[in-house]
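# Working through the structure, step by step
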Number of protein chains: 2
Amino acid sequence: MHPERVKHSELSKKIMTAQEAAAFIKDGMVVGASGFTKGGDSKVVLKALAQRASVDPLKITLMTGASLGHGIDGRLAEAKALSRRLPFQADPILRNSINSGEVMFVDQHLGETADLLANGFLPPVDIAVLEVAQVLENGHVLPTTSVGNNLAYAQHAKHIILEVNVTIPLEIRGFHDIFYTGLSPHRSIIPVTDAGSIIGTDTMPMDPEKVIGIVFSDAKDSPAELVAPDTKTSAIAGHLMDFFNHEIKMGRMTPSLHPLQAGIGKVANAVLSGFVHGQFENLTMYSEVLQDSTFELIDSGKMTFASACSLAVSQSCYEKFFANLEKYRGKILLRPQNISNAAEVIRRLGLIAINTAIEFDIYGNVNSTHIAGSKMMNGIGGSGDFARNSYMSIFVTQAASKNNTISHVVPMASHVDSNEHDVDILVTDQGLADLRGLAPRERAKVIIQNCCHPEFRDALNEYYQEALARGGQTPHVLSKALSWHQKLQDTGSMK
Amino acid sequence: MHPERVKHSELSKKIMTAQEAAAFIKDGMVVGASGFTKGGDSKVVLKALAQRASVDPLKITLMTGASLGHGIDGRLAEAKALSRRLPFQADPILRNSINSGEVMFVDQHLGETADLLANGFLPPVDIAVLEVAQVLENGHVLPTTSVGNNLAYAQHAKHIILEVNVTIPLEIRGFHDIFYTGLSPHRSIIPVTDAGSIIGTDTMPMDPEKVIGIVFSDAKDSPAELVAPDTKTSAIAGHLMDFFNHEIKMGRMTPSLHPLQAGIGKVANAVLSGFVHGQFENLTMYSEVLQDSTFELIDSGKMTFASACSLAVSQSCYEKFFANLEKYRGKILLRPQNISNAAEVIRRLGLIAINTAIEFDIYGNVNSTHIAGSKMMNGIGGSGDFARNSYMSIFVTQAASKNNTISHVVPMASHVDSNEHDVDILVTDQGLADLRGLAPRERAKVIIQNCCHPEFRDALNEYYQEALARGGQTPHVLSKALSWHQKLQDTGSMK
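Just so it is clear, the structure is predicted and the values come from calculations on it, not from any experiment. (Residues numbered from 1 in each chain as written. Chains lettered and ligands numbered in written order. Predicted model: local features only at pLDDT ≥ 70, side-chain atom pairs only at ≥ 80, totals over all residues. Heavy atoms only, no water.)

### Concerning the side chain of A:Ser184
Of note, A:Ser184 is situated in the loop between strand E8 (159-165) and strand E9 (211-217). If we ignore the near neighbours within four places in the chain, the residues touching A:Ser184 are A:Asn119, B:His258, B:Arg347, B:Arg348, B:Leu349, B:Gly350 and B:Tyr391. (Helix = DSSP H or I, 4+ residues; strand = E, 2+ residues; numbered from the N terminus. Contact = heavy atoms within 4.5 Å.)

What follows is the structure, given as structure tokens:
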């Protein structure tokens, strides 16, 4: 069966069914699985585990790269098979289990999980479950559509289960760059000096002795939903394009800008698509996830290179990529997520980081994770890695939602994931606030003036004026600072 | 006059009085001055400027390395000579002007100011005022007890005023390492691979054409106040020593630990002094400021190297350092603050970062800057640079103060400078909370149990139980989350 996919003779004896492989996973174990924003996830072993758990209860700690496809997080949550989950998720069923306190969710910077594991700050991994395209003669493996934390899980797990995905063309070899930094205090320099730097190997080293099972799979990545830009996302993209054009005019950037990072979702996709038009040229990306817009930019000739740790694309883009691998070779590279999200590289290259906020406050503090301060949405993801160390940290959100009953510009953020010290530019469909070099009182004026929805402007101004009378570097009325969220909880509206 | 101090023949013609030099500074100008936590600040030109401003009103934007000595920030604030101040201050008079809204204070990560200036995100510097020990034949200058942002100010200022401090022995040459990264997106690697790496030059390049005035000064740095450890700081140091011993026992660290960073103040000093006893050996520091405790550790043989961007020591330690330069040569190095606080190096070396909090909440969010959410204390300083990118991020504070009427462990931090994603260990005199790998609900239990003052434990538990009934990843009662601070504002007590 698929001899070209498992070329290591000893390992070819370990081929088994998904159910047999899943049986290695026992109650209480820690599992480190591949998968980053649906790309390159375990498609059959974790599914078999969820099926088994629904009849034969067990609970595991599950670590991944980021979110998974195929509803697997939801299936595991429904089967009550998760006691602890990290570092990210985006599943509505799992989200409920997290918010009810059933699953302990450790919401981590995605660039840090590998380090925390290596440092012994997280429980040791019992079994790694990794999707690969091929097992080579030397025991190295060829990754698929994400690299994520696979190297860290392979290094630190006691045992490894490989899911060999036979739908991934072997010609994907050359699209990965696997680099290991070693451990602090003796870590090596990460010698990436531009988005396209190749610093490692095109396959991933792995100890074949650790492999206890090999399973074949022919399932594709869950496609990303491609949402067409609406008036709000187009308006946000428009404000950002105007801003970048202004920065070029002021001589602060060239039409190649700086390497781009963009969070996942329709706003980021709309913004990137906006670069297809206009004066931009020789753009590069150094991001964590590549979406459809990246391929549009490469196809249009506007972008010369895109580096990330994962692909999260629509079905048609997925098919386009694999049908045209030679066209994209030398223009796309997937790296481990502690390299794609490395503080060192982000600062050195000087990224423009564009991420989505749930809400931000009048002083520029950003909430990326919690609804009304308590309920988890998805997690911070890589937004903190990039915002904290970038050249320019941009957050975008809609000014208001739910028929303008919820303002996404608030007196005080109900949770702070990226704070005033780390946020340069805020954008909503209403406008853009350039916070660079401003003190909090100055930021409040420009945020209220430019970013909030007109239906909330008077109320925000009223709050700010009342706060101002009390003084301080960052004036607040403590009894009212969270009252908008309180009202939302009580009445379903901030009005 | 002091020909050995100004060896550049053209520049020796620019010698003038402090008053004459200060006269170059006009209303509305941006001044970039040396000085970091009292070390290497302008001692005569800014003083002359404050004197002039008190009779001949003017307002400037003042950028420095960090806080200044000799009460100069207070003198300038009293003279109403500051319209804008960044990136840090620690002066009681200036603090009042900031909190009243008279001075716009831009509270920045100290490792970022140089980059923001170079990127054109801050107003251009009209005049740099830099303390130096010597001007060399080639126009390079020899720094004194801090490097701070001097290189950036010299590079980006239109004009430069030099304050030549004749009290600094010329033998200080060799104690500095000046390195320039260039500008993103084409910045170079910062090749520091251990605390003692020398990567630059021992004097600072500067364009002599920019120099418009040279002033001699014979004033020493304001000494740091040396506060003897009290029962609280000793208790905090004791908890941390126990913790480090535990980490060594668990095999996660050796007795050399990882390179240490410690914020300024008596707690950090007490913690570092604690390393003189016990099993620790071959310790190193990669910090922003070196305090007396660093010299104690070097003297005792426990520490082999300490890197920073400034000295902030007592008068006796200052005298000891200059009387024994040969003893400390090769063991101490001062770098620009965007190198001492570089994300890249902090992550690569894997620092243990120990910083002081004003308060933290039951979920591990840290407030380093604001009293009751609004009033500025000093600023975030380097704490964010280090906490965000370190191997282990530790925050310390007293559990309660003012006769136990104020709890420093609160339901919700009233301002967030380092958030839950960036904080590993919290310590008060009551105990230590190890938050590594914990979800927010788990953190709440260990923080309330270990860190809060017993007189506030029931109230915190009561808040947490009420919040828990409402659910969520991070349970809160919005109407009560800031009520402790509200009570403090209303009554002067959180009880």
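### Side note on the interface of chain B and chain A
Every contact between the two is made by 78 residues of chain B and, on the other side, 78 residues of chain A. Here chain B packs against chain A, burying approximately 6500 Å² in sum over the two surfaces, 49% of which is carbon and sulfur. With a closest N to O distance of 3.0 Å, B:Arg348 and A:Glu344 form a salt bridge. Between chain B and chain A we count 47 residue pairs in polar contact (both at pLDDT 80 or more) in total. Elements supplying a minimum of two residues to the side of chain B that touches chain A: helix H4 (92-99), strand E4 (104-105), helix H13 (343-349), strand E20 (375-376), helix H14 (383-389), helix H15 (440-450) and helix H17 (483-491) of chain B. In terms of residues, the side of chain B that touches chain A owes the most to one element, H13(B), which gives 5 residues. (Buried area = accessible area lost by both parts, 1.4 Å probe. Salt bridge = Lys/Arg side-chain N within 4 Å of Asp/Glu carboxyl O. Polar contact = N/O pair within 3.5 Å; in protein donor to acceptor, adjacent residues only side chain to side chain.)

### Observations regarding the relation of the copies chain B and chain A
The operation linking the two copies of the chain is a rotation about an axis combined with a translation along the axis. Aligned on chain A, chain B shows an RMSD of 0.0 Å; the corresponding rotation is 180° and the shift along the axis is 0.0 Å. What we have between these two chains is a two-fold relation. The rotation axis passes nearest to the C-alpha of B:Glu344 in chain B, at a distance of 2.0 Å. Residue by residue, 100% of the interface of chain B is reproduced at the interface of chain A, so both copies engage with the same surface. (Least-squares fit on C-alpha atoms with pLDDT ≥ 70 in both.)

### A short note on the UniProt feature "domain: Acetyl-CoA hydrolase/transferase N-terminal" (unreviewed entry) in chain A
Residues given the UniProt feature "domain: Acetyl-CoA hydrolase/transferase N-terminal" (unreviewed entry) here are residues 9-214 of chain A. The annotated region residues 9-214 of chain A carries 21% helix and 17% strand content, and the separation between its end C-alpha atoms amounts to 12 Å. (UniProt positions renumbered as here; feature names shortened; annotations may be inferred.)

### A word on the pairing of strand E3 (residues 82-86) of chain B
All names here are of chain B. A large share of E3 lies buried, amounting to 4 of its 5 residues. With 4 bridges connecting them, strand E2 (residues 60-63) and E3 associate as parallel partners. Along E3, the bridge assignment pairs Ile60 with Leu82. Judged from the 2 bridges that link them, E3 and E4 form a sheet pairing that is parallel. Note on E4: the bridge partner recorded for Arg85 is Phe105. Once the chain exits E3 it traverses H4 before rejoining the sheet at E4, and the crossover so formed is right-handed. (Buried < 20%, exposed > 50% of the residue type's maximum accessible area, 1.4 Å probe, protein only. Pairing = 2+ DSSP bridges. Right-handed = clockwise from strand over helix to strand, strands pointing away.)

### Overview of the environment of A:His239
Residues and elements named next belong to chain A. Secondary-structure assignment places His239 in helix H7 (residues 231-249). Using a relative accessible area of 23% as the deciding quantity, one classes His239 as partly exposed. In the structure, His239 is positioned 32 residues away from Val271 in sequence and 9.4 Å away in space, judged by C-alpha atoms. His239 has contacts with Val427, Thr428, Asp429, Gln430, Gly431 and Leu432, leaving out every residue within four places of it along the chain. Within polar-contact distance, the side chain of His239 engages the backbone nitrogen of Gly431 at 3.5 Å.

### Here we look at the pattern of salt bridges
Residues and elements named next belong to chain B. Per the counting criterion, the structure on display carries 60 salt bridges over all chains. Ionic pairing is found between Lys7 and Glu137, a salt bridge with its closest N-O pair at 3.6 Å. Of this pair, Lys7 sits in the segment before helix H1 (18-22) while Glu137 sits in the loop between strand E6 (134-135) and strand E7 (141-142); the two residues are 130 residues apart in sequence, bridging distant segments of the chain. Residue classification places Lys7 among the partly exposed residues on the basis of a relative accessible area of 39%. In this structure, the salt-bridge partner of Asp115 is Arg187, at a minimum N-O distance of 3.3 Å.

### Describing the packing of aromatic side chains
Using the criterion set out here, one finds 24 aromatic pairs over all chains in the structure. Ring plane angle 90° and centroid distance 4.9 Å describe the contact between A:Phe275 and A:Phe280, whose orientation is recorded as edge-to-face. Owing to a relative accessible area of 2%, A:Phe280 belongs among the buried residues under this scheme. Here A:Tyr363 and A:Tyr464 contribute two aromatic rings whose centre-to-centre distance is 6.4 Å and whose plane-to-plane angle is 65°, an arrangement assigned as edge-to-face. On the criterion of sequence distance, the pair formed by A:Tyr363 in the loop between strand E17 (359-361) and strand E18 (366-367) and A:Tyr464 in helix H16 (residues 454-468) is long-range, its members being 101 residues apart. On the basis of relative accessible area, A:Tyr363 is assigned to the buried category, the value being 1%. Residue A:Tyr464 is classed as buried on the basis of its relative accessible area, which comes to 2%. Residue placement shows A:Arg436 over the ring face of B:Phe121; its charged tip is 4.4 Å from the ring centre. The ring of A:Phe456 carries the charged tip of A:Lys495 above its face, separated from the ring centre by 5.5 Å. (Phe/Tyr/Trp six-rings, centres within 6.5 Å; stacked < 30°, edge-to-face > 60°. Lys NZ or Arg CZ within 6 Å of the ring centre and 35° of its normal.)

### A short note on unusual backbone geometry
Residue and element names in this part refer to chain A. Between Leu86 and Pro87 the backbone carries a cis peptide bond, its omega angle lying at 0°. Residue placement: Pro87 occurs in the loop between strand E3 (82-86) and helix H4 (92-99). Not every positive phi belongs to a glycine, and Thr37 is a case in point at roughly 50°. Here Thr37 is to be found in the loop between strand E1 (30-33) and helix H2 (45-55). According to the relative accessible area criterion, Thr37 is buried, its value standing at 11%. Notably, Lys38 is not glycine yet its phi reads approximately 75°, a positive angle. Locating Lys38 in the fold gives a position in the loop between E1 and H2.

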